[in-house]
Structure formats: structure tokens, C-alpha cells
Amino acid sequence: MIEPLVKLNNISKYYYVQKNFFSTKKIEVRAVDGISFSINPGETLGLVGESSCGKTTLAKLILRLVTPTKGEIVFGSQISDLRKDVQMVFQNPYNSLDPMMRIEDIILEPLLIHRIVNKKQKSDKALELLRLVCLDSDVLYRLPQAFSGGQRQRISLARAMATNPKIIILDEPVSSLDVMIQGQVLKLLKDLQLKFNLSFLFITHNLSVARNFCDQILVMYLGKIMERALVGELFNKPMHPYTESLILASIQKKSKLKGDISRIRLTRGCIFNPRCPYTQEKCFNIEPILEEKENNHFAYCHFPLKNFSRGEK
Amino acid sequence: MKIFRNIYNNKLVFFGSIIILLLVFIAIFAPWLSRYDPSDIDLNNILAGPSFKNILGTDSLGRDLLSRIMFGAKVSLKVGFIAVGISTIIGIFIGSIAGFFGRWLDSLLMRFVDLMLCFPTFFLILSVIAILEPSITNIMIIIGLTSWMGIARIVRSQVLSLKEREFIQAAKVIGASNARIIIRHLLPNALGPIIVSAVLGMAYAILVESSLSFLGLGVQPPTPSWGNILIEAKATLGIAWWLTLFPGLAIFITILGFDILGEGLRNWFKNYE
Amino acid sequence: MNELLKIENLTVCYFQGSQAIPALTGVNLEIDKGSIVGLVGESGCGKTTLAKSIVSLLPGNAQILSGKIIYQGKNLLDFNDRQISQIRGREIGYIFQDPSAALNPVITIGNQLIETIRHLRKVPENLARNEAKELLDLVKVPEPGEILRFFPHQLSGGMNQRIMIALTLACQPRLLICDEPTSNLDVTIAASILQLLLELKKKLNLSIIFITHDLSLIRFFAESVAVLYQGRLVEFQETSGIFNHPKDNYTRDLIAASFQASSL
């Protein structure tokens, strides 16, 4: 049994928002609601879900950028310093680099903070990091504004790689890039993973990217995990209706789902029941739990789907 | 070179900075530029109108007005720079702490700012100066201590919006300390509005200094300052128009210079973003 | 004559100081009545410039250097401002990528729709209100009567995009230009918006220019595809042709990249 790098035990984060301008009533919004999983060394864990399902909050919880309402996050013995061993690449490359800093200062900042390099080694280390992400050395003295989205994402990655982390959280790292650039960045990530035995937590809303990139996938909806399985299993035999409709929407551009996502919990029973096309009476009364339906295949559903057709012509 | 072309293209910045640079030049080189010592009394030549000998005329003690205005520029700019320096440092400090840490600290500091803004500043300065003795040092400090609230508010609002940006999150992820985040990441990005309000603050500080000197609570004679030249001119207002016109014009041009420079910089930074 | 819009040899430049940056070079394009043309390419290839030049919404530093945009036999580039505003928003509707930015945040959905309807046709308010409800029904907004009283920020992105479509349909356009209408939306919501556009096209005999960077959308959606690369139209043919026998190397690369990225 390998020791996981990080283990989340029943972690939750609730926010409280004012109902409207005049009322003092607060509404509870469960951004992350009782989630447990662990990340093993060298593994790529995909976190898939639509916007505002709590993916990014979960990432921030792991990084202690937000404090959990409930639950705990346990780091394995390999993680000695969270700020060194766990890094993140952000979604928006135009927003995640300080516009007033030169590239050299950006990628060396983590090393200066953790006092890893001295003045002499600085420029060598900077060049090494650039080589790692396949950028030329002439970028060092320029400002972020001179670069395209793909290049900025590489710079962001160089900064994340500077401290030799064990885990990198990738928050939609390619979703704002053009298709051709996406492929290059994903390939770079894979290469780095093999070379340094990195673990990735890969957050995305794009199922096809997740399928090509991840080993195991968690499907999130309204702060809860709907389904968890290995990639092949999940895409060939989805058990949860939400996973099914995400896959169908991606291949056929058709959606079976009713209505729209709503952040505020109104219903009893299963949280997915307002949108589910297969509801039965039980779904409105009892909330299901995430349980193992088959070997290593978990689903949050009373009536997991038996057969799945991709409906391709 | 590009920066000079940009400045030239931005007419407000261009004219503003020319006026200010000219003033700074005059203030620094006043002893060499002026033909007379500003406190040389020549009783044979009192209240002389503008002429070749005394370009802007002389005052009731026969002192050369041009020299006095040039030396007054030195006093005014010195007061402006140091007072604004003090207020900017206090403003940045309070504003960034309030904006960055938020919660009760923010409320506390901002209520303090509100409190400071409630006082009629000018009377506050007057009464403090009346208790202490009026001197250039005291004036600079007191103006600095009573004019930082605007900058504090601007810095706070900048910090509030900047700290939501992803690069600040990124800095936290790599383990940057709060001080590092504020100094290395937040303040450089808030520099534009800080510079603009500092430049506009210069105009305010110079105006306050002139007003204080005019009331006799500022720079004390014989050191010339635009304010105290004006008060001496008050007695001879009917017969020597140049004694009030030219110092008044000097104040006017200076304030105008700082104002259009500040306004121009504001537009410039807006376009830059 | 079956074509609704024809673009001939369109060349557009952006001026930055004294520099001219070409955005479109000699683009030719035809859109038939009741058909969907997909316009694909990477960011910065000139997709939006092309769309905006059709409705004369180009930014001030852009200039059309040559070419014709012929809409129902008339060259739109010869029109003056008043004439073009008769076409824009009435004959040709434009749907933006970000609906929450295109809707006015301080006016209710109902009032925005009613104002638009009354601006177009002089009808009394209660009739306009009914028409607004019908429009919301047409774009499949649940409980249209309720939604009329909402502000845009109270609704989700998908719902706002539906309302944007309803607002555009109020003008009864013949041509709809959709500029990445689904790229800000979640997959399931995007899919339902696409379904809606397809249904509306059949029901109202609309022509649609569908701008996107996502080839996989086009495949299910458009009848013909135009591929833009660095301001040039590199390929324009039927959808099946594009995917089965791409003629241009760039198209081939683009298809390969998007298949690699989206093999499911």
C-alpha cells in the first residue's frame, strides 16, 4: 500500500450569502460538501464538473487559501512544506502573472522565498527552468504583457516547477488556449510528470481533455462527488445520470438534462433530482451516498445506470 | 526614447512637466539666477515698478521682487515635496494594511480616516501651528500629517481590487509572506493612482503653505515665501499692483502645473492599462 | 437567387499609430437562405472582425480597404449610418459571447424586451408584454411570466444567453450572427443552446453565421464551414467535405488537433 501524498477527509466549505439587499437572512451555500479522496504519488486525478460546482474551492482548500468549515486535510510524510511541495497553475494566464514583474523575477520568486538559490546560481536556475518548459532564454527580461496565452501558461508552469513540488494543482490550465496550443501544453505537462514523478490534480470542465490526460476521475456537482472511477471505466460505463449527460453533451452536443444549475439547495433527497431525467420516488425522499457500486467504481445514486450507449451515428 | 515620445503625445503631461521642471530648476538655481539677494534692502529704490533694473519691481523695503519670488519657489517646492512625502508614506501604510487585512482592522483604520476627514483641516493646522511655533519644518510635518487620508483611501481601494487577482493567489501559493505580497506585488501595481494623487497633493500642500504664510502662521520673514510676500503687499495694494500680481501668478502657475500634470498622468495610466 | 449574404474580396486593416495591421485579406463568403455557416479559426484570426464588418460595428481604428458585403442584392458598405441601423438589429441580429455584458444590468428582463419590441413596432405595452412572453416561450425559458421580473444578474449564463436570443428574435431577423455564443457556458447548457438555435432555424427559416474556435461544435451544427487563418479564408466548403477531405494543410492540422483533444 502506497502512502498517499494528501488525503481529504469529509471536507466541507460553506459560504453564507445575504438573501437580498434588505433582508438579514443568510442563505447557506455549500461550495464543497463532505468530500473525501486522496492523491497518490505519480497519479493524475481529474476533477470534472460545470462552473460553480466547487472545483476551484476544493483546490483552494487543499492549498489552505480558504479554511474548511468541516473536515480535515492530511498530508503524507512526503509533503514537508505545503508552500514548497504543492503548487498551482491558474486558469487565466492573463491574470496569474504579476504584470509589473519581469519573467526572471516571476519564476525565481519561489526560490528566493524558500532561500533555495543564492545570487550566483540565480541565472543558471532560471535558464534551467525555462528549458524545462521549452522557452528561450531571451524571455527573461521582458514583462508578461509581451507573451501569448500559451507562453504565459508555460511561464506559470516554470514558476510552479521551481521548488520541485510533489503535487501540482492544474486549474483549467488549457481552457483559455487555442486547440493547437492546448495539445502542446498538455504534452509538456505529461513529459514533466514522467520526468519528475509528479502528481496532478487536474481541474477541468472539458471531458475530452480529462479523458486523455487523467488516470482517475471525480465528477463533481454542487459541491458533491457524483461519481468516481478510473478513466476507461467512467467513459465506457458511466453510472451516474449526470456523468452520462456530460459525456453525451460532449460528443453529440445534445443534453438530456432539465433546467439549469442552481447554487441554492431547495430540494429534499438527491441534490441532482431537479435535473435528473430518470427520477423515481425514492430520489425525492432519501439522499443517496457515494458508495462503491462495482470494483473501484463509486457513484452517488440510488439507481445507477446499467447500460450506456454513446449513440454515435 | 519611446517614453519621451509618449510624454510628448500626451499634451497635459507634456505641459505640466515642463512647468514643474522649470519651477524646480528655478528653485534649485535661484542663488545663481537672481541678480540680487532677496533680503538686500535698498531704501533708495522702494516700490519701484517693473523696469530693466528690477524686472518685476521692488517692494516697500526696496527688495527685488523677482529674486524674492525665485527664492520663494524654493520654499514652496520644499514644503510641497516633503509634506507630500510624509502624507504618501502614511497613506500607503494605512491604506495597504486596511485593504489587505480587511475585517476589523479595516473598519478601525477607515473610521480613523473618516474621523480625520471630519475635522476642518485648515483650522486644525492653524490651531496646531498657533500652539507650536510657526517654522518651515513644523509646517511641512503638520501638512503631511493632515493630508494622507485621500491617498490611504486610494491605496485601500486599489489593494482591495488587486488582491482578488490570481497573481496574488499565486504569490500565496508559493509561500510569499504578507509583507512581500504587499511590497512586491500590490504596491507596484497600484503605483499609477498613487503617483497621480501625490502630484495633485503637491498642489494642495503648496496652496496650504501659501495660505498659512499669508496669515502669518507659515514661513516667517525674512525668509521669502509667496504667502508672506503677498501679506507684505497688502499694505500697498493701491499703489503697487505688481507686488500682489506676480506672487499670485506664481502660485497660480504652480498649482496649475501640478494639476494638469496630475490629470495628464491619470489619463496616461488609464490608457496604459 | 438563393443566397442571402455575399462577401466579396473583403480586406480590413487595423491602424495602430502609423502602422497598418491587416486583419482580413481578400475574404469571399456566401450564406444561403436558411443555412448555417460555421466560421472557425484560432483567436486573432479575424473571425470577429469579419462578423463585425457585416453589421458595421468595427472599432474606430479599423478600416475596410476594399470589398463588398452584399445583402439581398445591396452593398451594405455603401449604406450610411441611418440605413445601416435599419438593417442591423432588424434584418441581421448579433449574439455576443458574453450575454451578461450585452444585457443592461439595471433593467429587468421584461422591460428590456418590451422596450425593444415597442421601439421596433408601435404597439401598446400590454401587447408588447404578451409578445415578450411568447418570445421567452420560444427560446424555452421556463415560467416566462416570472422571468420577466428578474434582473440579468439573478439568472445563470445559459438563461441570459436564451434571453439574449429572445431579444434578438424580437426584431425578426433573417440572419443571425452568433459570436462564440456557447464558449462561456457549461457543456450541458451549451448543448441545449445549440439545440435551441437549430430548432429556431427550422421554425423561422433563419440563416446563421456561427463563429467558434471549437470544430467539434461545427460538425453537428453547420451545413458549410469556412476556415480562417491569419485573416485569410483558407477553405470554404460543405461540412462533410471539410472533415473528410480537407484541402488545406492548416485545416488538416486544425482537425487533427481538435480530434486529438476531443476524442471521446
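The structure presented is a predicted model; accordingly, all values stated were derived computationally and were not measured. (Residues numbered from 1 in each chain as written. Chains lettered and ligands numbered in written order. Predicted model: local features only at pLDDT ≥ 70, side-chain atom pairs only at ≥ 80, totals over all residues. Heavy atoms only, no water.)

**Let's talk about the overall build of chain C**
In terms of helices and strands, chain C carries eleven helices and ten strands. In summary, chain C has a C-alpha radius of gyration of 19 Å against a globular reference of 18 Å for 264 residues, a match within 12%. Projected onto its principal axes, the C-alpha positions of chain C cover 55 × 50 × 40 Å. Relative to its 264 residues, chain C shows a buried fraction of 51%. Contacts spanning at least 24 positions in sequence make up 66% of the contacts within chain C whose residues lie at least 6 apart. Only carbon and sulfur atoms are counted for the fraction: they give 48% of the accessible area of chain C, which is about 12000 Å². (Helix = DSSP H or I, 4+ residues; strand = E, 2+ residues; numbered from the N terminus. Rg over C-alpha atoms; globule rule 2.2 N^0.38 Å. Buried < 20%, exposed > 50% of the residue type's maximum accessible area, 1.4 Å probe, protein only. Contact = heavy atoms within 4.5 Å. Areas by Shrake-Rupley, 256 points an atom, 1.4 Å probe, with all protein chains shown as cover.)

**Looking at the overall build of chain A**
Secondary structure assignment for chain A yields nine helices and eleven strands. The C-alpha atoms of chain A give 21 Å as radius of gyration, which agrees with the globular expectation for 313 residues (20 Å, within 12%). Summarising its shape, the C-alpha atoms of chain A cover approximately 70 × 55 × 45 Å along the three principal directions. Relative to its full complement of 313 residues, chain A shows a buried share of 56%. If you take every contact in chain A between residues at least 6 apart in sequence, the share linking residues at least 24 apart comes to 65%. Positive and negative side-chain charges in chain A, numbering 44 and 31 respectively, have mean positions lying 4 Å apart. (Lys, Arg positive; Asp, Glu negative; His and termini not counted. Charge placed at Lys NZ, Arg CZ, Asp CG, Glu CD.)

**With respect to the sheet that holds strand 3 (residues 36–40) of chain C**
All names here are of chain C. One open sheet holds the six strands; their spatial order is 6-7-8-3-9-10, and the pairing between them is mixed. Looking along the sheet, the strands with just one partner apiece sit at the ends: strand 6 (92–95) and strand 10 (232–238). When strand polarity is set aside, the average angle formed by the axes of neighbouring strands in this sheet is 15°. Sheet topology note: the strand 3/strand 9 (residues 224–229) ladder contains four bridges and is parallel. (Pairing = 2+ DSSP bridges. Axes fitted to C-alpha atoms, helices over the stretch in contact; angles between N-to-C directions.)

**With respect to the sheet that holds strand 1 (residues 6–18) of chain A**
Residues and elements named next belong to chain A. As summarised here, the arrangement of the three strands in space is 2-1-4, forming an open sheet in which the pairing is antiparallel. Looking along the sheet, the strands with just one partner apiece sit at the ends: strand 2 (26–39) and strand 4 (70–75). Here the average twist between neighbouring strands, direction ignored, is 25°. For strand 1 and strand 4, the ladder comprises five bridges, and the chain directions are antiparallel.

**Re the interface of chain C and chain A**
How large an interface is tends to be reported as the accessible area lost when its parts come together. On the side of chain A, 29 residues touch chain C, which itself brings 27 residues to the contact. Each partner contributes to the roughly 2400 Å² buried at the junction of chain C and chain A, and carbon and sulfur atoms together form 60% of this total. At the boundary of chain C with chain A, the tally comes to zero salt bridges. For the pair chain C and chain A, the number of links is two residue pairs in polar contact (both at pLDDT 80 or more). Here the side of chain C that touches chain A gets eight residues from one element, more than from any other, and that element is helix 11 (residues 249–262) of chain C. Class assignment of the residues belonging to the side of chain C that touches chain A gives a composition of twelve nonpolar, eleven polar and four charged. (Buried area = accessible area lost by both parts, 1.4 Å probe. Salt bridge = Lys/Arg side-chain N within 4 Å of Asp/Glu carboxyl O. Polar contact = N/O pair within 3.5 Å; in protein donor to acceptor, adjacent residues only side chain to side chain. Nonpolar A, V, L, I, M, F, W, Y, C, P; charged D, E, K, R; others polar.)

**What about the packing of aromatic side chains?**
Tallied over the entire structure, the rule returns 16 aromatic pairs over all chains. Their ring planes at 40° and their centres at 4.6 Å tell us that A:F202 and A:F213 sit as a pair that is tilted. Separated by eleven residues along the polypeptide, A:F202 in strand 7 (residues 199–204) and A:F213 in helix 7 (residues 207–213) bring together distant segments of the chain. For the pair A:F202 and A:F213, a shared accessibility class is recorded, and that class is buried. An angle of 50° between the planes, with centres 6.1 Å apart, marks the rings of B:W241 and B:F246 as tilted. The class for B:F246 is buried, based on a relative accessible area of 18%. (Phe/Tyr/Trp six-rings, centres within 6.5 Å; stacked < 30°, edge-to-face > 60°.)

**Quick word on helix 3 (residues 103–113) of chain A**
Burial runs high along helix 3 of chain A: nine of the eleven residues are buried. All of the buried residues along helix 3 of chain A are A:I103, A:E104, A:I106, A:I107, A:L108, A:E109, A:P110, A:L111 and A:I113. Residues of helix 3 of chain A that are buried in the fold lie against helix 4 (122–132) and helix 5 (149–161) of chain A together with helix 10 (178–189) of chain B. Following helix 3 of chain A by one or two positions, A:R115 adopts a phi angle in the positive range, close to 50°.

**Description of the arrangement of the chains**
Contacts are most numerous between chains A and C, considering all two pairs of chains that are in contact. There is no contact between chain B and chain C; across them, the least C-alpha separation is 11 Å.

**Some words on the pattern of salt bridges**
Residue and element names in this part refer to chain B. Summed over all chains, the structure comprises 30 salt bridges over all chains. The partner of D106 in a salt bridge is R156, with the nearest N and O atoms 2.7 Å apart. Taken as a pair, D106 in helix 5 (residues 103–118) and R156 in helix 8 (residues 149–162) lie far apart in primary sequence, 50 residues in all. The exposure class of D106 is buried, given its relative accessible area of 11%. The exposure class assigned to R156 is partly exposed, which follows from its relative accessible area of 22%. Residues D114 and R111 are paired through a salt bridge, measuring 3.0 Å at the closest nitrogen-oxygen approach.

**Regarding the pairing of strand 8 (residues 216–221) of chain A**
All names here are of chain A. For strand 8, the buried fraction is high: six of the six residues fall into the buried class. Burial of the side chains of strand 8 extends over both faces: Q216, L218 and M220 are buried on one face and I217, V219 and Y221 on the other. Two elements, strand 3 (residues 44–48) and strand 8, share four bridges in a ladder whose sense is parallel. Note that in strand 8 the partner of L45 across the bridge is Q216. Relative to strand 9 (residues 224–230), strand 8 runs antiparallel, the two being bridged by six bridges. Counted as the bridge partner of I217 is A229 from strand 9. Connecting strand 8 to the antiparallel partner strand 9 that follows it, the hairpin turn spans two residues, and L222 within it adopts a positive phi of roughly 45°.

**Structural notes on unusual backbone geometry**
Not every positive phi belongs to a glycine, and A:L222 is a case in point at roughly 45°. With respect to the secondary-structure elements, A:L222 resides in the loop between strand 8 and strand 9. Despite not being glycine, C:E180 has its phi angle at roughly 45°, a positive value. As for its placement among the helices and strands, C:E180 is situated in the loop between strand 7 (175–179) and helix 8 (187–204).

**Thoughts on the interface of chain A and chain B**
At the junction of the two partners, chain A supplies 25 residues and chain B supplies 16 residues. For the pair chain A and chain B, the two sides together bury roughly 1900 Å², of which 57% comes from carbon and sulfur. Viewed at the interface, chain B and chain A are joined by one salt bridge. Taken together, the connections running from chain A to chain B amount to nine residue pairs in polar contact (both at pLDDT 80 or more). Secondary-structure elements contributing two or more residues to the side of chain A that touches chain B are strand 5 (86–89) and helix 3 of chain A.

**Side note on the environment of A:S137**
All names here are of chain A. Within the secondary structure, S137 sits in the loop between helix 4 and helix 5. Sequence separation between S137 and V48 is 89 residues; the distance between their C-alpha atoms is 36 Å. Excluding residues that lie within four positions of it along the chain, S137 makes contacts with L127 and L130.

**Some words on a nonpolar patch on the surface**
A cluster of nonpolar side chains, namely B:W241, B:L245, B:L249, B:F252, B:I253 and B:L256, defines an oily patch on the protein surface of about 570 Å² accessible area. On the secondary structure map, B:W241 appears in the loop between helix 12 (226–234) and helix 13 (242–272). (Patch = residues over 30% accessible without salt bridge, like charges linked within 9 Å, V, L, I, M, F, W, Y side chains within 5 Å.)

**Quick notes on the confidence of the model for chain C**
Scored by pLDDT, chain C has a mean of 85; 98% of the residues are at 70 or more. Scoring the predicted complex yields pTM 0.82 and, for the interface, ipTM 0.83. (pLDDT = per-residue confidence, 0-100.)

**A look at the packing of helix 8 of chain B against helix 10 of chain B**
All names here are of chain B. One can describe the packing of helix 8 onto helix 10 by two numbers: an axis separation of 9 Å at closest approach and a directional angle of 110°. Classified by the angle their axes make, helix 8 and helix 10 are roughly perpendicular. As helix 8 packs across helix 10, the resulting crossing turns out to be right-handed. Taking contact as the criterion, the partners of V155, Q158, V159 and L162 in helix 8 are, on helix 10, L186, L187 and N189. Residues that form the contact of helix 8 with helix 10 fall into these classes: five nonpolar, two polar and no charged. (Parallel < 35°, antiparallel > 145°, perpendicular 65-115°, else oblique. Left-handed = near helix turned anticlockwise from the far one by under 90°.)

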